[in-house]
Amino acid sequence: YVVNSHSHNDHIRGNQTFPNDIKIISTTRTRELIEEWEPLDIAEEKKYAPTRYSYYDSLYNSFSGDKLSREYQQILMWRPYYETLLNSHLEIKTRLPDTYFDSIQNFDGPNRRIQLISKGPGHTESDLILYLPDDKIIFSGDLIFNKCHPYMPHGSISNWKNWLDYMNSLEVNTIMPGHGEIGAKKLINHMKNYLLNLEISASNLHKYDQSIEKIGMVPIPDEYKDWWFDRFYVMNLKFAYEVSKKVEKE
Ligand SMILES: [Zn+2]
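The notes below deal with the structure included here. From a predicted model like this one, the values you see are computed outputs, not experimental measurements. (Residues numbered from 1 in each chain as written. Predicted model: local features only at pLDDT ≥ 70, side-chain atom pairs only at ≥ 80, totals over all residues. Heavy atoms only, no water.)

1. Description of the overall build of the protein
No. 1: When helices and strands are tallied, the protein shows six helices and nine strands.
No. 2: Each principal axis of the C-alpha atoms in the protein carries an extent, and together these give about 55 × 45 × 35 Å.
No. 3: Counting every position in the protein, which comprises 250 residues, the buried fraction comes to 42%.
No. 4: Counted over contacts in the protein with a minimum sequence separation of 6, partners at least 24 positions apart contribute 67%.
No. 5: Summed over all atoms, the accessible surface of the protein reaches about 13,600 Å², with 52% contributed by carbon and sulfur.
No. 6: Put simply, the protein has 29 plus and 35 minus side-chain charges, and the middle of one group is 1 Å from the middle of the other. (Helix = DSSP H or I, 4+ residues; strand = E, 2+ residues; numbered from the N terminus. Buried < 20%, exposed > 50% of the residue type's maximum accessible area, 1.4 Å probe, protein only. Contact = heavy atoms within 4.5 Å. Areas by Shrake-Rupley, 256 points an atom, 1.4 Å probe, with all protein chains shown as cover. Lys, Arg positive; Asp, Glu negative; His and termini not counted. Charge placed at Lys NZ, Arg CZ, Asp CG, Glu CD.)

Right under this line is the structure:
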């Protein structure tokens, strides 16, 4: 079995490398999202990946500063990302999941139980986690990142918080996050605090009538300054701002 935690390209594009008799599991909605979005995403990527690769490649070649700096480390991360993306388009085939679970499913093997759990939207419109109750391990997909800004605009902040509360209610010692290093249970609260912090910042911006254009100027809070994927912060704040505006109207 292979489990797709959600529909994003970096979590599903390995599917094609597994033999046909291996079942690919996801939620029903994740399969629909992959089917709907992959052709569009791939077409878009074919347009932007070459330019972004050249951009990071020129930064890489002309860099003369501190090679231990975050700025340089980010170049070292994004340059091969776009290069690999670009090359992958030559052989990419979308292999859709073929087995669906939408709530809780137990798999009892000779040594341990595995639970697949979905509670609907969170990081995307549909997420699925894998829980090993005997080993007290959660494979969280992108519902939890370790020291990386999560990516929020495809999801639901309120449901995401419910997901985190649910994970907190499980017996857990170890989290295998979607991005970043393996961590302890406290990663769940780190993520929840990030979401709460962002919601407060968004509703303050809204309360003081700041326009959406000003959001790009909001600095990243100190506690998240050394997190990876810092360009997601502004996208997340814009998303939270739109959500808080909608809530106000209702
Ligand atoms: Zn994702």
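After that view, the rundown keeps rolling.
2. Some points on the pattern of salt bridges
No. 1: Applying the stated rule across the entire model yields 15 salt bridges.
No. 2: A single network of salt bridges, built from pairs that share partners, joins Arg 13, Glu 38 and Glu 45. (Salt bridge = Lys/Arg side-chain N within 4 Å of Asp/Glu carboxyl O.)

3. Topic: the coordination of the zinc ion
No. 1: Around the zinc ion, the donor atoms from the protein are His 6 (NE2), His 8 (ND1), His 123 (NE2) and Asp 142 (OD), and they sit 2.2 Å away.
No. 2: If you look at the zinc ion, its four donor atoms make angles of 88 to 168° with each other, and the shape they trace is irregular.
No. 3: For the zinc ion, the single-chain donor residues occur in sequence as H-x1-H-x114-H-x18-D. Judged on exposure class, the residue His 6 and its partner His 8 are both buried. (Donors = N, O, S within 2.8 Å, 3.2 Å for Na, K, Ca; no water. Tetrahedral: all angles 85-135°; square planar, octahedral: opposite > 155°, others 65-115°.)

Geometric values such as these leave the question of function open.
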